Each structure stands twice: as C-alpha cells, then as structure tokens.
Amino acid sequence: MRVYLDNNATTKIDPLAKVKMQPFFEELYGNPNSLHKFGMEVRPYLNEAMGAMYDALNIPDEDDLLITSCATESNNAVLKGIFFKHILPNPAKNHIVTTAVEHPSIGETLHFLAENGVEVSFVDVDERGYVSAEAIQAAITERTVLVSMMWANNETGVIFPIEEVALTCKEKGILFHTDAVQAIGKVKVDLSATPIDYLTFSAHKFHGPKGIGALYVKKGRELPNLLHGGEQMGGKRAGTLNVAYIIGMGLALKQSVGHLEQMNAEVRRLRDKLEAALAKIPDTIVVGRGAPRTPNTLLISLRGIEGEAMLWDLNKAGIAASTGSACASESLEANPIMSAIGEDPELAHTAIRLSLSRFTTEAEIDYTITAFTKAAERLRSISSTYGYKAEAL
Ligand code: PLP
C-alpha cells in the first residue's frame, strides 16, 4: 500500500482542477494581455477564477488579490515591501513582531531585514506550541510597524489567535500580516470579517498546482512593486500570467473551502483515530494537543526513536511522513518546534509529522496505525538509549 501523509508539505491536485486546467495548455494558450482573439478569449475564464477566489475568502471587491509564484514570494513581497515603503522613510518605526515558529520564508526574510537595521521580535511559543495574543501584545512597542503571525503552524497544526491579534493591531494602528498557507481549507478565513491587511497562500497546499500563490492586500495598504516589468496585475506585480495555474488555483480554493465541514468532521475523525492509536505507544508526546489545531495534522514524538529512523521504516512500508517542514529536510537539524517548545533536548530529533487530506481513507489510516506501531517496537528494541530513558521518566 502507498499512503501519503505529508499533506502539509504538498498535496495532490484536485482531479476537477486538473480537468479544468487542461484546455489552457492546449487550445486556450493565448496571453490574456494580448489584444487578439487568442488573448481575449481566455480573459473571461481568468475573471471567473479570480471571482471564485474573492468569493471563497469573502474578499471585498475594492481589495487586491495579487497572483504570485508561491507563498514564499508573497511573504517576501510583504516584508520587503513594508521595509521599502514604511521603514526606510521612517526609521523611528522600524520594529516588526513575529513568532519564533514561522516558515523560513518569513523567518529568513526577517533575519535578512534585521541585518539591514530592522528590529525584529520573535515571540516564543508556549509548551503547547501556541502563541497567545497577550504574548504578541507584550512584544509590541511604540516603534512597531508590523505584526506578522502565521494562521496555523505547518508542523503542529496549532492555530494562532488571528482575529484577536488583528483587532489589536487595528486599534493600535499597526499593520497586520498573516501567512495563511496552512489555514486555507482547514479554518474559516473571512477577509470581510477580520481586519487583516495582508494575507498569503499557496495553491499546492490545498490541492491546486505547485508554483502559484497569492497575496491579499487590503485597499489603502498597497505595497511597492518588487517585480518591475510589464503591466500585469495592474502594474503591481509584473510577469506573464500563468493562466492554467490560476484557473487551477481558483477551482482548488473553491473546492477546499467548500469541503471545510468535511475537513473538520471526517478528516478530524481520522486524525483523531490515528492520534489515539499512536499515543498508546509508551513514552510518546503529541505536540500541541492542548491547543486549537488544524484537523489534519499530528506531530508526535517517541522517546528513544530518531525521527529519521522512523521515517525510513515508514517509507519502507510505503508511508510518506516527515520529520518537520520539507524546506528543512536537507539538513538533519532538530525540529525547530521541538526546540521552541522547550522540551527535553533529547526529544528534539524524535518528531514525526503525519498530515492528512480530504483524500485520505480509513483503510490508509488503519494500515498506518499497524505499520507505525510495528516500526516503533522494532526501533525501540534496537535503541541503545531507550531503556535508560524509560527508567529516567
Ligand atoms: N508558509 C507556510 C506556513 C508553509 O507551510 C509553506 C510551505 O511549506 C510556505 C509558507 C511556503 O510555501 P511555498 O513553498 O509554496 O512558497
């Protein structure tokens, strides 16, 4: 059996989105900015896809949804855009607040800005992997220009208090950005109801194609263009539009938001079943258990078992999981969440993330429970440290 439980890294394309994209690789390949028939005939489809995205996230008509190549680009555009537009002309307001557990497209960009004089506060998570609104408020100073906080964490699935933080920022006149990559299709996102200035997402995390994403910008919060060139996107982000992928992203977004209930009922039930079974293995910790979490994610740590070893055994059984974010998989560093929550350093290398999707089946979960439990027994039996650790507990 082949079981894919790494949906926080990427997802398979929604079969309906794939079908809907096909004509745009074949007969409907015109450039939508061209004035001839080939160009003009694709425009209505483009408008329909954009409209679907505005509807899915309840985006007011006057706000912008800029198409980008991915969430990494969107996150860079917000942070560097704020730097150029607000911080450079007014260095008295050069402070950005974020969390210690953002995706590298936020964390690394902020380290780069810090090297260029920006003051950044990385607010730590608590023992559940949660960051409270109070902790963010405590980090805000007179100099704060922006708060950037992810909506849901990619490793634990822990959901952060976005509504509360957005309101605080609004009251204090501070800009607010959220990386909603792991929230779309799992949490209700309503851009008319929550005072968010900037929001980013990536299509391949919700069964759309890879290499396409978006940046929501509230009216009045426009950022300088970082990709100069043609007049696409109203001159706000140049580059020929990838029509097929925009069509795919539009449909995938509509479908994911339409399946929110299924995600929160059926996918949650399967995740909880998996979690309950794996938590019975002695000396395991489910990270983020006491906090609100997305319904599809399970981060589990087994004392005495290297995450990489577990991954290897699962892979042999045909199961795809991960030890953390795919972006960090080339380095064998400790899982940053395990370090951030301040757990025993011995546990830092033991985390395994299993992330489901609405295409995950009960049979796949049952198979995973058996294979994972067997792998844990095997690895514990050959672990030189486990006996000692168990006694120390
Ligand atoms: N933000 C979060 C929370 C993510 O999980 C990811 C991808 O793992 C990204 C941003 C970056 O997405 P992309 O690689 O599509 O740019």
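Rules used throughout
- Throughout this document, residue positions are counted from 1 along each chain, in the order its sequence is written.
- Only residues with pLDDT of 70 or above have their local features reported here, since the model is predicted, and side-chain atom pairs are shown and tallied only from 80 upward, although totals for entire chains, interfaces and linings are computed over all residues.
- Each side-chain value is worked out from all heavy atoms of the structure, with water and hydrogens disregarded.
- Runs of H or I in DSSP of at least four residues are treated as helices and runs of E of at least two as strands, each being numbered from the N terminus.
- The globule rule used for comparison is 2.2 Å times the number of residues to the exponent 0.38, while the radius of gyration itself is calculated over C-alpha atoms.
- Exposure categories follow from relative accessible area, calculated using a 1.4 Å probe and restricted to protein chains: below 20% of the type maximum is buried, above 50% is exposed, and the middle band is partly exposed.
- Only heavy atoms matter for contacts: two residues are in contact if any of them lie within 4.5 Å across the pair.
- All accessibility values rest on the Shrake-Rupley procedure with a 1.4 Å probe; residue burial counts only the protein chains present in the view.
- Domain limits in this description derive from either an automatic procedure or a database domain assignment.
- A quick way to say it: buried area is the sum, across both parts, of accessible area lost when two parts are put together, with a 1.4 Å probe.
- The salt bridge definition used is simple: a Lys or Arg side-chain nitrogen within 4 Å of an Asp or Glu carboxyl oxygen.
- A 3.5 Å cut-off defines polar contacts: any pair of N or O atoms within that distance qualifies, except that in protein one atom must be a possible hydrogen donor and the other a possible acceptor, and neighbouring residues in sequence count only when both atoms are side-chain atoms.
- We call Asp, Glu, Lys and Arg charged. Ala, Val, Leu, Ile, Met, Phe, Trp, Tyr, Cys and Pro are nonpolar, and the rest, Gly among them, are polar.
- We call a residue near a molecule or strand when any one of its heavy atoms sits within 4 Å of it.
- For two strands to be treated as a pair, DSSP must find at least two bridges joining them.
- Note on handedness: a clockwise path from strand one over the helix to strand two, with the strands aimed away from the viewer, defines a right-handed crossover.
- Classification of ring pairs uses Phe, Tyr and Trp, with its six-membered ring standing for Trp, and accepts pairs whose centres are within 6.5 Å; under 30 degrees between planes counts as stacked, over 60 as edge-to-face, and the remaining range as tilted.
- The rule is short: NZ of Lys or CZ of Arg within 6 Å of the ring centre and within 35 degrees of the ring normal puts a charge over the ring.
- Patches in this entry comprise residues that are over 30% relatively accessible and not in a salt bridge; like charges within 9 Å are linked, as are nonpolar side chains (Val, Leu, Ile, Met, Phe, Trp, Tyr) within 5 Å.
- Helix axes are fitted only over the stretch in contact, all axes being lines through C-alpha atoms; the angle between N-to-C directions runs from 0 to 180 degrees.
- Our angle categories are set so that under 35 degrees counts as roughly parallel, over 145 as roughly antiparallel, 65 to 115 as roughly perpendicular, and the remainder as oblique.
- Each crossing gets its hand from how the near helix is turned against the far one by less than a right angle, where anticlockwise is left-handed and clockwise is right-handed.

**Examining the overall build of the protein**
Scanning the protein for helices and strands turns up 13 helices and twelve strands. By the compact-globule yardstick of 21 Å for 393 residues, the protein fits well, its C-alpha radius of gyration being 22 Å. C-alpha extents for the protein along the principal axes are approximately 70 × 55 × 35 Å. Residues counted as buried form 55% of the 393 residues belonging to the protein. Counting contacts in the protein only where the partners sit at least 6 residues apart, residues at least 24 apart contribute 74% of the total. Carbon and sulfur atoms make up 54% of the accessible area of the protein, which totals about 16,900 Å².

**Notes on the domain arrangement of the protein**
According to the domain assignment, the protein contains domain 1 (3-9 + 260-386) and domain 2 (15-258). One C-alpha centre belongs to domain 1, the other to domain 2, and the line joining them spans 28 Å. Note on domain 1 versus domain 2: buried area summed over both sides is about 2,400 Å², and carbon and sulfur give 58% of it. Our count for the contact surface shared by domain 1 and domain 2 stands at zero salt bridges. Here domain 1 is connected to domain 2 by eleven residue pairs in polar contact (both at pLDDT 80 or more). When contributions to the side of domain 1 that touches domain 2 are tallied by element, the ones reaching two or more residues are α9 (260-278), β10 (297-302) and α11 (336-340). The residue makeup of the side of domain 1 that touches domain 2, split by class, is 14 nonpolar, twelve polar and three charged.

**Some points on the site of the ligand**
Surrounding the ligand, one finds 13 residues, the nearest of these being Thr72, Asp179, Gln182, Ser202 and Lys205. For the ligand, an oxygen atom lies 3.3 Å from a polar atom in the backbone of Ala71. At 2.6 Å from an oxygen atom of the ligand is found a side-chain nitrogen or oxygen belonging to Thr72. Alone, the ligand offers 390 Å² of accessible surface; in the complex the protein occludes 90% of this.

**Some thoughts on the pattern of salt bridges**
Applying the stated criterion across every chain, the model contains 17 salt bridges. Put simply, Lys236 and Asp64 hold a salt bridge, and the shortest N to O gap is 2.6 Å. In this pair, Lys236 is assigned in the loop between β8 (213-217) and α8 (243-258) and Asp64 in strand β2 (residues 64-68), connecting sequence segments 172 residues apart. Shared partners join several salt bridges into a network, and the residues in it are Glu266, Arg269, Lys273, Glu362 and Asp366.

**Re the pairing of strand β4 (residues 119-123)**
Here strand β3 (residues 95-99) runs beside β4; their pairing, made up of five bridges, is parallel. Counted as the bridge partner of Ile96 is Val120 from β4. Regarding topology, helix α5 (residues 104-115) serves as the crossover connection from β3 to the parallel β4, and that connection is right-handed.

**Things to note about the packing of aromatic side chains**
For the structure on display, the rule yields six aromatic pairs. Each ring, one from Phe24 and one from Tyr45, has its centre 5.3 Å from the other, and the planes form 75°; the classification is edge-to-face. Taken together, the residues span a long stretch of sequence, with Phe24 in the loop between α1 (15-21) and α2 (37-40) and Tyr45 in helix α3 (residues 43-56) at a distance of 21 residues. When its relative accessible area of 8% is taken as the criterion, Phe24 is described as buried. Judged by its relative accessible area of 36%, Tyr45 falls in the partly exposed class. Plain terms: the ring middles of Tyr130 and Phe160 are 6.3 Å apart, the flat faces sit at 70° to each other, and that makes the pair edge-to-face. Remark: Phe160 occurs in the loop between β5 (144-148) and α7 (162-172) and Tyr130 occurs in the loop between β4 and α6 (133-139); sequence separation between them is 30 residues. The burial state of Tyr130 is the same as that of Phe160; both residues are buried. Cation over ring: Lys12 sits above Phe359, and NZ or CZ is 4.8 Å from the ring centre.

**Side note on a nonpolar patch on the surface**
Among the surface-exposed residues, Phe84, Leu88 and Leu226 lie close enough to one another that they form a single nonpolar patch of about 280 Å² accessible area. If you trace the backbone, Phe84 turns up in helix α4 (residues 71-87).

**Re the sheet that holds strand β9 (residues 284-286)**
Strand order in this open sheet of three strands is β9-β10-β12, and the pairing throughout is antiparallel. Strands at the two margins of the open sheet, each flanked by one partner only, are β9 and β12 (351-355). The mean inter-strand angle of the sheet, taken between neighbouring strand axes irrespective of direction, is 25°. Judged from the three bridges that link them, β9 and β10 form a sheet pairing that is antiparallel.

**Some points on the packing of helix α10 (residues 307-316) against helix α12 (residues 362-382)**
When two helices pack together, their arrangement is given by the angle between their axes and by how far apart the axes lie. Running from N to C, α10 and α12 cross one another at 130°; their axes reach a closest spacing of 10 Å. In terms of axis orientation, α10 runs oblique to α12. In terms of crossing hand, the pair formed by α10 and α12 is right-handed. Residues Ala309, Met310, Asp313 and Leu314 of α10 form the contact with α12, whose participating residues are Phe372, Ala375, Ala376, Arg378 and Leu379. Among the residues forming the contact of α10 with α12, the class breakdown is seven nonpolar, no polar and two charged.

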